[in-house]
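Chain by chain, the residues run as shown.
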Amino acid sequence: MELLTSGQWQAWPLVQACIKAAFLLLGFKMGLFFFEGYQIRMKFRKMKEQGIPIAEPHSLVWGHLKMMVAIRAHFPKDAHNHYAQIYLVQNWQKFFPGAEERPPIMYFDLWPVLEPFAFVVDPAMCQDIVQDRLQPRHPQIKHLIKYISGARNLTGWDQPVHTLWRSRLNPGFSARNLQSHIPTFIEEVETFVGLLKANAPKDGAWGEVFQLLNLTTNMTFDIICRVAMNLDTNEQRVGPTELQNSMRTLVRNHVIFKNLGTLPLRLSPSWNLEAWRCSRTLRRALMPRIQEQIGSGEQAKTQKTVIQLATKEISNESSTGGNNKQSLPLDKKQYSEDVLNLMKQFLFAGHDTTSTTITWAFHFLAKHPAALEQLRTEHTTVFGPDPSTASAMLTANPALLNALPYTNAVIKEVLRLSPLAATIRRGSPSFFFTHHSAASGTTRHYPTDGFAVATGTAAMHHDPALWPRANEFIPERYLVSEGHELYPVKYAWRPFEYGPMNCIGQDLALMELRLVLLLTVRELDVETAWEEWDALQVAGDEKPPTINGDRAYRTTNGLSYPTDELPVHVRLRNP
Ligand code: HEM
């Protein structure tokens, strides 16, 4: 007993010292944390003193946090942050009193929630950072995909590894290879049209309301699985499979920034377990097919998959000794792991994006009957009056899909008004933007050191200085000649970004969109059906939220799903 007491007594100073050290360490860390915050606030002050436009109000305590909260209060809680960007660019005079023109960059001090952000809203300056003086992606954008695809993927790699992998993967996404997949596209889109028709009564009346995003997602998932690795999961008929469920769980819950707000999630064991479980399901479903496809690199004669073509590129690199391509020594196990990560990235980027855009296309067309009529007229002119012959004509002559200028213009306008993504690049001490102001005749340098530099695509796409009648749906913008007031400013349209890290899947997405419109709009009317939908929801006194009077707005769900995944009803046009 005595021994125990004396043992406790001896240990006590050590325990005390440890507690003291822990408190000291915590205090030191807290000190560093607040010092970092103070430095950031002061940096903004200094920039303002140097004449760089800084949005107001900027306070020493809150930075721009209060301003952002006030802007967000204009919109429903689940509205995408694109609306805050658009609000800023359309009301810039409020935030930059005294400025002669809309600043080309908007700097935001959101510490401690996010690191300092620089939103570039000038198309030429965006080009500078993504193309002319290409800067690497910022860790935040790499973090977005981390829980789906790890660190080794096209978003994770910097130069020169990125360049090498792009050259291996580009053939699979080339227009030529995609054309060879036209029969696959047609088959999947016809299934989609069949499922839409199943929701339309035979007598030409409107059918029951349903959520369109579910059908578009199944279709785009089927297409990307087949094009990338010849995997036919048949989500449209038998889905959602475990594979798609796991991918959708990851997209819904695990595509997050690394910031203070997401810290509780990132520390949560159940959240991490969910990510791990989904990744395990994806590996089990995809790896056997990947290994099979790597082994059959040379075999497929027509309709080559992305994996087969990448493997072929690699064998060409080895046979030419890797020459000027900075080829990496190929470790087969590592190669399969890299391909797995890439396939997960393609499945993610290749289904959610296009499916969301398709829902927006139907939304805008339903609201603009004149544009819808013109679209139908173009399809009839090119493919003849009988809609049921379009698929056969296209199979015989895939180039017809490129002969639809109005359809293209509609898709471009949909992507302008509802862009999905942008890029974030790393700022650096040596990278300054230079901008000449036509209003003041002055040239100014804008710093990027310590900033996450984002292209403000949603803001630019709605900027009245770049797009006359910016909020209106006008496909004709892309059809007028240079000199016309609607003629687009160069590089102002950037839904797929530009430069060596632009969207690898843009041709695939555009083909899917064209084909869906071609095979749908002459067969069916697709209309949003909010009244029916709202009547089915749990009744409450609160009126459902809207933006600019519209029930359909971009939400924070997925990449920017429309509200309630766009409830629609459909009817046959030729019952
Ligand atoms: C409407 C549809 C789509 C939109 C709006 C879109 C948009 C974008 C944007 C803006 C980027 C650039 C991000 C950055 O620079 O950080 C990007 C990159 C990427 N997209 Fe898409 N995308 C679409 C469809 C697709 C499809 C169908 C695929 C198919 C696999 C795909 C795969 C990718 C990949 C892999 C990257 C990274 C490219 C690289 O780093 O080299 N996307 N996309």
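Note that the structure is predicted; figures quoted are calculated from it, not measured. (Residues numbered from 1 in each chain as written. Predicted model: local features only at pLDDT ≥ 70, side-chain atom pairs only at ≥ 80, totals over all residues. Heavy atoms only, no water.)

Novice: Outline the sheet that holds strand 3 (residues 210-211), supporting the account with residue identities and numerical values.
Specialist: Spatially, three strands are ordered 3-9-8 in an open sheet, and the strand pairing comes out antiparallel. Only two strands of the sheet have a single partner each, and these edge strands are strand 3 and strand 8 (524-528). As paired strands, strand 8 and strand 9 (residues 567-572) are joined by five bridges and run antiparallel to one another. Across the sheet, the residue bridging to threonine 528 is valine 568, located in strand 9. (Pairing = 2+ DSSP bridges. Helix = DSSP H or I, 4+ residues; strand = E, 2+ residues; numbered from the N terminus.)

Novice: Break down the site of the ligand for me, with residues and values.
Specialist: The immediate surroundings of the ligand are formed by 28 residues, with Arg137, His162, Arg166, Thr423 and Cys503 found nearest. One of the side-chain N or O atoms of histidine 162 is found 2.7 Å from an oxygen atom in the ligand. For the ligand, an oxygen atom lies 3.4 Å from a polar atom in the backbone of methionine 501. Every element with two or more residues in the shell around the ligand is listed here: helix 7 (161-169) and helix 16 (332-367). If you tally residues by element for the shell around the ligand, the top one is helix 16, at seven residues. Here the residues of the shell around the ligand are counted per class, giving 16 nonpolar, nine polar and three charged. For the shell around the ligand, the two domains that each supply at least three residues are domain 1 (35-133 + 422-494) and domain 2 (134-421 + 495-572). (Near = heavy atom within 4 Å. Polar contact = N/O pair within 3.5 Å; in protein donor to acceptor, adjacent residues only side chain to side chain. Nonpolar A, V, L, I, M, F, W, Y, C, P; charged D, E, K, R; others polar. Domains from an automatic or database assignment.)

Novice: Now, about the packing of helix 10 (residues 212-229) against helix 16: what can you tell me, with residues and values included?
Specialist: Following both chains from N to C, one finds helix 10 and helix 16 inclined at 140°, their axes separated by 8 Å at the closest point. Of the possible angle classes, the one that applies to helix 10 and helix 16 is oblique. Crossing handedness for the pair helix 10 and helix 16: right-handed. For the pair formed by helix 10 and helix 16, the contact residues are Leu212, Leu213, Thr216, Thr217, Met219, Thr220, Phe221, Ile224, Cys225, Ala228 and Met229 on the first element and Met343, Phe346, Leu347, Gly350, His351, Thr354, Ser355, Thr356, Ile358, Thr359 and Phe362 on the second. Residue classes in the contact of helix 10 with helix 16 are distributed as 13 nonpolar, nine polar and no charged. (Axes fitted to C-alpha atoms, helices over the stretch in contact; angles between N-to-C directions. Parallel < 35°, antiparallel > 145°, perpendicular 65-115°, else oblique. Left-handed = near helix turned anticlockwise from the far one by under 90°. Contact = heavy atoms within 4.5 Å.)

Novice: Residues and numbers for the coordination of the iron atom of the ligand, please.
Specialist: For the iron atom of the ligand, the protein supplies a single donor, Cys503 (SG), at a distance of 2.3 Å. Here cysteine 503 shows up in the loop between helix 20 (457-461) and helix 21 (506-520). (Donors = N, O, S within 2.8 Å, 3.2 Å for Na, K, Ca; no water.)

Novice: Lay out the domain arrangement of the chain in plain terms, naming residues and giving numbers.
Specialist: Under the domain assignment used here, the chain contains domain 1 (35-133 + 422-494) and domain 2 (134-421 + 495-572). The C-alpha centroid of domain 2 is placed 28 Å from the C-alpha centroid of domain 1. Taken together, the contact pairs 48 residues of domain 1 with 46 residues of domain 2. Roughly 4,200 Å² of surface becomes buried between domain 1 and domain 2 when both sides are summed, with 60% attributable to carbon and sulfur atoms. Sorting the residues of domain 1 by area buried against domain 2 places Arg426, Phe473 and Trp493 first, and these three jointly supply 21% of that buried surface. Remark: the boundary between domain 1 and domain 2 carries three salt bridges. The residue glutamate 413 makes a salt bridge to arginine 477 at a minimum N-O spacing of 2.9 Å. Counting the contacts that link domain 1 with domain 2 gives 26 residue pairs in polar contact (both at pLDDT 80 or more). Of all the elements in the fold, those that place two or more residues in the side of domain 1 that touches domain 2 are helix 3 (82-90), helix 5 (123-132), strand 4 (424-426), strand 7 (452-455) and helix 20. (Buried area = accessible area lost by both parts, 1.4 Å probe. Salt bridge = Lys/Arg side-chain N within 4 Å of Asp/Glu carboxyl O.)

Novice: Could you give an account of the packing of helix 12 (residues 242-254) against helix 16, naming the residues involved and the relevant values?
Specialist: Where helix 12 meets helix 16, the axes come as close as 11 Å, and the angle between the chain directions of the two elements is 80°. Overall, the two elements helix 12 and helix 16 adopt an arrangement that is roughly perpendicular. Across the interface between the two elements, Leu243, Met247, Arg248 and Val251 from helix 12 touch Lys344, Leu347, Phe348, His351 and Asp352 from helix 16. Residue classes in the contact of helix 12 with helix 16 are distributed as five nonpolar, one polar and three charged.

Novice: Talk me through the pattern of salt bridges; I want residue IDs and the actual numbers.
Specialist: If you walk through the whole model with that rule in mind, you get 23 salt bridges. Close ionic contact of arginine 289 with glutamate 292 constitutes a salt bridge, the shortest N to O distance being 3.8 Å. On the criterion of helical spacing, the pair formed by arginine 289 and glutamate 292 is a turn pair, its members being three residues apart in helix 14 (residues 269-295). Two residues, arginine 376 and glutamate 373, come together in a salt bridge whose shortest N-O distance is 2.9 Å. Of this pair, arginine 376 and glutamate 373 are both found in helix 17 (residues 369-383), three residues apart, which corresponds to roughly one turn of the helix. Here arginine 376 falls in the buried class, since its relative accessible area comes to 8%. A single salt-bridge network, built from bridges that share partners, covers Glu373, Arg376, Asp525, Arg571 and Arg573. (Buried < 20%, exposed > 50% of the residue type's maximum accessible area, 1.4 Å probe, protein only.)

Novice: Tell me about the sheet that holds strand 7, and name the residues and values.
Specialist: The strand order across the open sheet built from four strands is 1-2-7-4, with neighbouring strands paired in mixed fashion. The sheet is open, and its two edges are formed by strand 1 (105-108) and strand 4, each paired on a single side. For this sheet, the mean angle separating the axes of adjacent strands, direction not counted, is 25°. Two strands pair when backbone bridges link them, and strand 4 and strand 7 are joined in this way by three bridges, in the antiparallel orientation. Of the residues in strand 7, the one forming a bridge with isoleucine 424 is alanine 454.

Novice: Residues and numbers for the side chain of threonine 357, please.
Specialist: Within the secondary structure, threonine 357 is located in helix 16. Ignoring sequence-local partners within four residues, the contact set of threonine 357 consists of Val414, Leu415, Leu420 and Leu513.

Novice: Kindly report on the environment of valine 189, identifying the contributing residues and their values.
Specialist: Mapped onto the elements of the fold, valine 189 is located in helix 9 (residues 182-198). Residue class for valine 189 comes out buried when judged on its relative accessible area of 0%. Sequence-distant contacts of valine 189, defined by excluding residues within four places in its chain, comprise Met219, Ile223, Leu515, Val516 and Leu519.

Novice: I'd like to hear about the UniProt feature "transmembrane region" (unreviewed entry) in the chain, residue by residue, with values.
Specialist: The feature "transmembrane region" (unreviewed entry), as annotated in UniProt, sits at residues 12-38 in this numbering. Along residues 12-38 one finds 100% helix and 0% strand; the C-alpha atoms at either end are 38 Å apart. (UniProt positions renumbered as here; feature names shortened; annotations may be inferred.)

Novice: Outline helix 17, supporting the account with residue identities and numerical values.
Specialist: Between its first and last C-alpha, helix 17 extends 21 Å over 15 residues, near the 21 Å set by a 1.5 Å rise per residue. At its buried positions, helix 17 is contacted by helix 16, helix 18 (390-396), helix 19 (405-417), helix 21 and strand 8. Positive phi shows up at glycine 384, right after helix 17, with a value of about 85°. (Expected span 1.5 Å × (residues − 1).)

Novice: Describe the packing of aromatic side chains, and please don't skip the residues or the numbers.
Specialist: Tallied over the full model, the rule gives 20 aromatic pairs. Seen from their ring centres, phenylalanine 75 and tyrosine 87 are 6.1 Å apart, and the 85° between their planes marks the pair as edge-to-face. Remark: tyrosine 87 occurs in helix 3 and phenylalanine 75 occurs in the loop between helix 2 (65-72) and helix 3; sequence separation between them is twelve residues. For the residue pair phenylalanine 75 and tyrosine 87, the accessibility class agrees, reading buried in each case. Following the ring pairs from residue to residue traces out a cluster consisting of Phe75, Tyr83, Tyr87 and Phe95. Stacked on the ring of tryptophan 493, the Lys or Arg lysine 412 has its end atom at 4.9 Å from the ring centre. (Phe/Tyr/Trp six-rings, centres within 6.5 Å; stacked < 30°, edge-to-face > 60°. Lys NZ or Arg CZ within 6 Å of the ring centre and 35° of its normal.)

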